[in-house]
Amino acid sequence: MTFDPDPVTTLTFDSYGTLVDVEAVERALADHVAEPEPVSTLWRSRSLAYTFVANHVDAYKPFYDINRDALEYALATHDVDLDEDEREAILEQYHDLDVFDDVRDGIERLNDAGYDCYVLSNGNPAMLDSLVESADIGEVLEDTISADEISTFKPDSAVYRHAAARTGTPAEEIAHVAAGWFDVLGSMHAGNQAVWVDRKGSPWDGLAGDPNLTIETLDELAAALGV
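Draft legend 1. Expanded view of helix α4 (residues 84-91). Buried residues of α4: E88, I90 and L91, and no others. The arc that holds the buried residues of α4, viewed along the axis, is 160°, so those residues lie on one side. Looking at the buried side of α4, the elements it contacts are α1 (25-30), α2 (36-54) and α3 (63-77). The N-cap residue of α4 is D83: its side-chain oxygen and the backbone nitrogen of D85 are 3.1 Å apart.

Draft legend 2. Structural context of unusual backbone geometry. Cis geometry marks the peptide bond from K154 to P155; its omega dihedral reads 10°. The topology assignment puts P155 in the loop between β5 (143-146) and α7 (157-167). Of note, the phi angle at D58 is positive, near 55°, even though the residue is not glycine. Along the chain, D58 falls in the loop between α2 and α3. Classification of D58 by relative accessible area gives exposed; the value is 78%. We note that D136 has phi near 55°; this positive angle belongs to a residue other than glycine. Examined against the element boundaries, D136 turns out to sit in the loop between α6 (125-135) and β5.

Draft legend 3. Representation of a negative patch on the surface within the structure. Together, D81, D83, E84 and D85 make up a negatively charged patch on the protein surface. Tracing the backbone through its elements, the reader meets D83 in the loop between α3 and α4.

Draft legend 4. Molecular detail of the pairing of strand β1 (residues 10-13). Burial along β1 is two-sided: T10 and T12 and L11 and F13, pointing in opposite directions, are all buried. Two strands pair when backbone bridges link them, and β1 and strand β4 (residues 116-121) are joined in this way by four bridges, in the parallel orientation. When the bridges of β4 are listed, L11 appears paired with C117. Pairing of β1 with strand β6 (residues 174-178), which is carried by four bridges, proceeds in the parallel orientation. Paired with F13 across the two strands is V177, which belongs to β6.

Thresholds applied
Residues numbered from 1 in each chain as written. Predicted model: local features only at pLDDT ≥ 70, side-chain atom pairs only at ≥ 80, totals over all residues. Heavy atoms only, no water. Buried < 20%, exposed > 50% of the residue type's maximum accessible area, 1.4 Å probe, protein only. Helix = DSSP H or I, 4+ residues; strand = E, 2+ residues; numbered from the N terminus. Arc of directions from axis to C-beta. Contact = heavy atoms within 4.5 Å. Polar contact = N/O pair within 3.5 Å; in protein donor to acceptor, adjacent residues only side chain to side chain. Patch = residues over 30% accessible without salt bridge, like charges linked within 9 Å, V, L, I, M, F, W, Y side chains within 5 Å. Areas by Shrake-Rupley, 256 points an atom, 1.4 Å probe, with all protein chains shown as cover. Salt bridge = Lys/Arg side-chain N within 4 Å of Asp/Glu carboxyl O. Lys, Arg positive; Asp, Glu negative; His and termini not counted. Charge placed at Lys NZ, Arg CZ, Asp CG, Glu CD. Pairing = 2+ DSSP bridges.

Structure follows, in structure tokens:
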């Protein structure tokens, strides 16, 4: 599929893996775990799996709580015994993740060009407040939109429809920007154009079509929009 910049008036950005680097949690784990990488990998994958399953078995919890459950599972799987304070200290790293270098300037450039920019995330409101503060993007965002507002997770189409309603924008005028393949596909299914942020040169998962645009940085998105 090709990207058509002409109808786009609003940009929604995923948070984790798109604006901030979730791999930073490995540093927090390293203070408590001898081999943090496999624990971190399982933690992240299990957290995503829980959101997918929760949508279908009426088991919604705010994402921070889902993330806590996933961390406990990952630690138990790797036979790591930490007390509650240690687990909470690791979990709180999600309030202080590293921001990708292109994010602040990229969103500012898009905002200055007249695009309404929002964060659309599975993260609950407190997590998104922390993200906006650490990324220093509050002045160039219209708002943050949390899946918690409707108690369901991406890639459920309801999340993207909710974003369209919250922004007052027809779905076809929204380009959703995300690093997660499932998020890209979910937004396309809901009628958005989808921009895949591929920072690592990964292969695309072609389960249900291709993104409208693939970028490595937000500067490339600005260029595609002609700004």
